[in-house]
Amino acid sequence: MIEALRRALPAGQRFHSERFSPPPIRGGRPFTVRIVGGPDVAVPADRTALDAVRALRPDVPYSCRQGFCGTCHVRLVEGTTVGDPAGPGLTALCVGRATDGTIVVDLGR
Ligand code: FES
């Protein structure tokens, strides 16, 4: 849509747009997300928990993929995370990563 609008503008017309994308995963380590009620989901070093969980549970909602909108925040039942802006007792599946190999989450569904 942005490209269509850009092409439709008169020559020389200024146009400002921004593209948003998730930050790259740097130095990630694999971990496991244990979903209450199952299953366990393996998260590779180069993928987010959100992507790994959605491969099995495509109904898990998301929006920004950057940790700030709160759409993917779920209850953190057990374990600790890093890089996680969600509040106490929660984790942002899109950016939070387990510190000790496994986290347990409740998807609430
Ligand atoms: S998708 Fe927005 S916080 Fe995770």
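Placed above this text is the structure.
In this numbering scheme, every chain counts its residues from 1 along its sequence in written order. Only residues with pLDDT of 70 or above have their local features reported here, since the model is predicted, and side-chain atom pairs are shown and tallied only from 80 upward, although totals for entire chains, interfaces and linings are computed over all residues. Working from all heavy atoms in the structure, the side-chain values ignore hydrogens and water.

Enquirer: Sorry, what's going on with the packing of aromatic side chains here?
Expert: What describes a pair of aromatic rings is the distance from one ring centre to the other and the angle between the planes of the rings. Note on ring pairs: Phe, Tyr and Trp rings are taken, using the six-membered ring of Trp, and paired if centres are within 6.5 Å. Classes follow the plane angle, with under 30 degrees stacked, over 60 edge-to-face and the rest tilted. Overall, the coordinates contain 0 aromatic pairs when judged by the stated rule. The rule for a charge over a ring is simple: NZ of Lys or CZ of Arg within 6 Å of the ring centre, and within 35 degrees of the ring normal. Sitting above the plane of the Tyr62 ring, Arg65 keeps its charged end 4.2 Å from the centroid.

Enquirer: Any chance you could explain unusual backbone geometry here in plain terms?
Expert: Apart from glycine, the bulk of residues carry a negative phi angle, and the bulk of peptide bonds sit in the trans form. A cis amide bond links Gly38 with the next residue in sequence, Pro39, at an omega value of 0°. The numbering of helices and of strands both runs from the N terminus, where a helix is a DSSP run of H or I of at least 4 residues and a strand a run of E of at least 2. Residue placement: Pro39 occurs in the loop between strand 1 (31–35) and strand 2 (40–43). Not every positive phi belongs to a glycine, and Arg65 is a case in point at roughly 60°. Here Arg65 is to be found in the loop between helix 2 (49–56) and strand 3 (73–78).

Enquirer: Would you take a moment to explain the nonpolar core for this structure?
Expert: What tends to happen in soluble globular proteins is that the nonpolar side chains get buried as a cluster. If you look at the biggest cluster of nonpolar residues, it comprises 22 residues, and the most contacted ones within it are Val33, Leu93, Val105 and Leu107. The set of elements that each furnish at least two residues to this core consists of strand 1, strand 2, helix 2, strand 3 and strand 7 (102–106). For this core, the element with the most residues is helix 2, which contributes 4 residues. What makes a nonpolar core is a set of buried Ala, Val, Leu, Ile, Met, Phe, Trp, Tyr and Cys residues whose side-chain atoms join them at distances within 4.5 Å. A 1.4 Å probe rolled over the protein chains alone gives each residue an accessible area, and that area as a share of the maximum for its type sets the label: buried under 20%, exposed over 50%, partly exposed in between.

Enquirer: Can you walk me through the side chain of Thr91 in this structure?
Expert: Tracing the chain through its elements places Thr91 in strand 5 (residues 90–92). The class of Thr91 is buried, set by a relative accessible area of 1%. For Thr91, the side chain forms a polar contact with the side chain of Asp84, separated by 2.5 Å. When sequence neighbours within four positions are dropped, the list of residues in contact with Thr91 reads Cys72, His73, Val74, Leu76, Thr81, Asp84, Ala86, Gly96 and Val105. Pairing of N or O atoms within 3.5 Å defines a polar contact, subject to two protein rules: one partner must be a possible hydrogen donor and the other a possible acceptor, and residues neighboring in sequence count only if both atoms are side-chain atoms. The criterion used for residue contact is that any of the two residues' heavy atoms lie within 4.5 Å.

Enquirer: Hey, could you run me through the sheet that holds strand 2 in this one?
Expert: Two modes of strand pairing occur in sheets, parallel and antiparallel, and in both the strands are linked by backbone hydrogen bonds. Two strands are counted as paired when DSSP detects at least two bridges linking them. Reading across from one edge, 2-1-7-3-5 is the order of the 5 strands in this open sheet, with mixed pairing throughout. The two strands at the open ends of the sheet, each matched to only one other strand, are strand 2 and strand 5. Neighbour to neighbour, the strand axes of the sheet diverge by 40° on average, direction disregarded. Inspection of the sheet shows strand 1 paired to strand 2 by 4 bridges, in the antiparallel sense. Residue pairing for strand 2: Phe31 is matched across the bridge by Val43. Strands strand 1 and strand 2 of the sheet are contacted by helix 2, whose axis makes an angle of about 135° with strand 2. Angles here are taken between N-to-C directions and fall from 0 to 180 degrees, while the axes themselves are lines fitted to C-alpha atoms, restricted in helices to the stretch in contact.

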